[in-house]
Amino acid sequence: DQQVKQNSPSLSVQEGRISILNCDYTNSMFDYFLWYKKYPAEGPTFLISISSIKDKNEDGRFTVFLNKSAKHLSLHIVPSQPGDSAVYFCAASAEFPDRSSGGSNYKLTFGKGTLLTVNP
Amino acid sequence: DAGVTQSPTHLIKTRGQQVTLRCSPKSGHDTVSWYQQALGQGPQFIFQYYEEEERQRGNFPDRFSGHQFPNYSSELNVNALLLGDSALYLCASRPGLAGGPAKYFGPGTRLTVL
């Protein structure tokens, strides 16, 4: 049972236009969402995150939107650049108390990724 | 400032063997998580270590075990390797048990089981 879904395996966009990557989730316990970018033979690189108490977070060309009622989030990249071409992963996290330390444990649940190609 | 580092980069093993992968967290980080990324899939959570103890575990069999050392570095051990264990193994780190999930990943170790 996939709790985080990225239904578009690939997306192709012209340079300078907007890229919109979508992600759906099913678990209501998720309260923190992240987007990662990944090149082949490298680990995921953190891009941007959003807490469930917000509906939008912006960082430069990247904006993440969260619609809690629809259990949907999206990543907007404006303007898209050829260097943005990579696999983008959506990830969701739930917080679990760590009884022995008083802190919190988190685990990330990832989607399968969307390959974004930005054409010059 | 060194980020998360992992070794080795690549590894080839045969079925039934055992393997140990290593991770050094980002400077100032003491919590380490391990993930498995099979081909065409997103990373899947294996387990998390803090203060040299396993704090949380994903749906992986006991063949997968780990260790964290006093310098916060960590090892992932996999026994009785299966073909299906072939994957990219990723390590992530964060400071303590506060401030949200681990955001910083290492480059991964590519394990091939023949």
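Everything numeric here is computed off the predicted structure, so don't read it as measured data.

*Asks:* In this structure, what is going on with the nonpolar core? I would like to understand it.
*Replies:* Nonpolar side chains tend toward joint burial in soluble globular proteins. Among the nonpolar cores identified, the biggest contains 24 residues, and A:F33, A:W35, A:L73, A:L75 and A:Y88 are the most heavily contacted of them. Looking at this core, the elements that each hand over two or more residues are β3 (19-25), β4 (32-38), β5 (45-51), β7 (62-67), β8 (72-77), β9 (86-97) and β11 (114-119) of chain A. Other than its neighbours up to four places away in sequence, A:L73 contacts A:L21, A:N22, A:C23, A:Y25, A:F33, A:W35, A:V64, A:F65, A:L66 and A:C90. Membership of the second largest hydrophobic core comes to 20 residues, among which are B:V4, B:I46, B:V78 and B:C91.

*Asks:* What should I look at first to understand the interface of chain A and chain B in this one?
*Replies:* By a widely used convention, the size of an interface equals the accessible area lost when the partners come together. Taken residue by residue, the interface counts 25 residues in chain A and 23 residues in chain B. Summed over both sides, the interface of chain A with chain B buries roughly 1900 Å², with 56% coming from carbon and sulfur. Inspection of the region where chain A meets chain B yields 0 salt bridges. Where chain A touches chain B, the interface holds 3 residue pairs in polar contact (both at pLDDT 80 or more). Counting residues per element, the ones that place at least two in the side of chain A that touches chain B are β4, β5, β9 and β10 (104-110) of chain A. The leading source of residues in the side of chain A that touches chain B is β10(A), at 6 residues.

*Asks:* Would you mind going over the state of the cysteines with me for this structure?
*Replies:* Considering all chains together, one arrives at 2 disulfides over all chains under this definition. Covalently, A:C23 is tied to A:C90 through a disulfide, its sulfur atoms 2.0 Å apart. Sign of the S-S torsion, about -70 degrees for the bond between A:C23 and A:C90, identifies this disulfide as left-handed. Of this pair, A:C23 sits in strand β3 while A:C90 is found in strand β9, placing the two residues 67 residues apart along the sequence. Like A:C23, the residue A:C90 is buried in the burial classification. At a sulfur-sulfur separation of 1.8 Å, the disulfide partner of B:C23 is B:C91. Looking along the S-S bond of the B:C23-B:C91 disulfide, the torsion reads about -60 degrees, which is the left-handed sense. Linking B:C23 in strand β3 (residues 19-24) with B:C91 in strand β9 (residues 87-94), this pair joins segments that are 68 residues apart in sequence. We note that B:C23, like B:C91, is buried.

*Asks:* What is the right way to look at the sheet that holds β3(B) in this model?
*Replies:* Note on sheets: strands pair through backbone hydrogen bonds, and any given pair is parallel or antiparallel. Residue and element names in this part refer to chain B. In space, the 4 strands of this open sheet follow the order β1-β3-β8-β7, with antiparallel pairing throughout. For this open sheet the edge positions go to β1 (5-7) and β7 (64-68), each flanked by a neighbour on one side alone. Strand-to-strand twist in this sheet, taken as the mean axis angle between neighbours without regard to direction, amounts to 20 degrees. Here β7 pairs with strand β8 (residues 74-78) via 5 bridges, running antiparallel. Paired with S65 across the two strands is N77, which belongs to β8.

Definitions and cut-offs
- Residues numbered from 1 in each chain as written.
- Chains lettered and ligands numbered in written order.
- Predicted model: local features only at pLDDT ≥ 70, side-chain atom pairs only at ≥ 80, totals over all residues.
- Heavy atoms only, no water.
- Core = buried A, V, L, I, M, F, W, Y, C linked by side-chain atoms within 4.5 Å.
- Buried < 20%, exposed > 50% of the residue type's maximum accessible area, 1.4 Å probe, protein only.
- Helix = DSSP H or I, 4+ residues; strand = E, 2+ residues; numbered from the N terminus.
- Contact = heavy atoms within 4.5 Å.
- Buried area = accessible area lost by both parts, 1.4 Å probe.
- Salt bridge = Lys/Arg side-chain N within 4 Å of Asp/Glu carboxyl O.
- Polar contact = N/O pair within 3.5 Å; in protein donor to acceptor, adjacent residues only side chain to side chain.
- Disulfide = S-S within 2.5 Å.
- Pairing = 2+ DSSP bridges.
- Axes fitted to C-alpha atoms, helices over the stretch in contact; angles between N-to-C directions.

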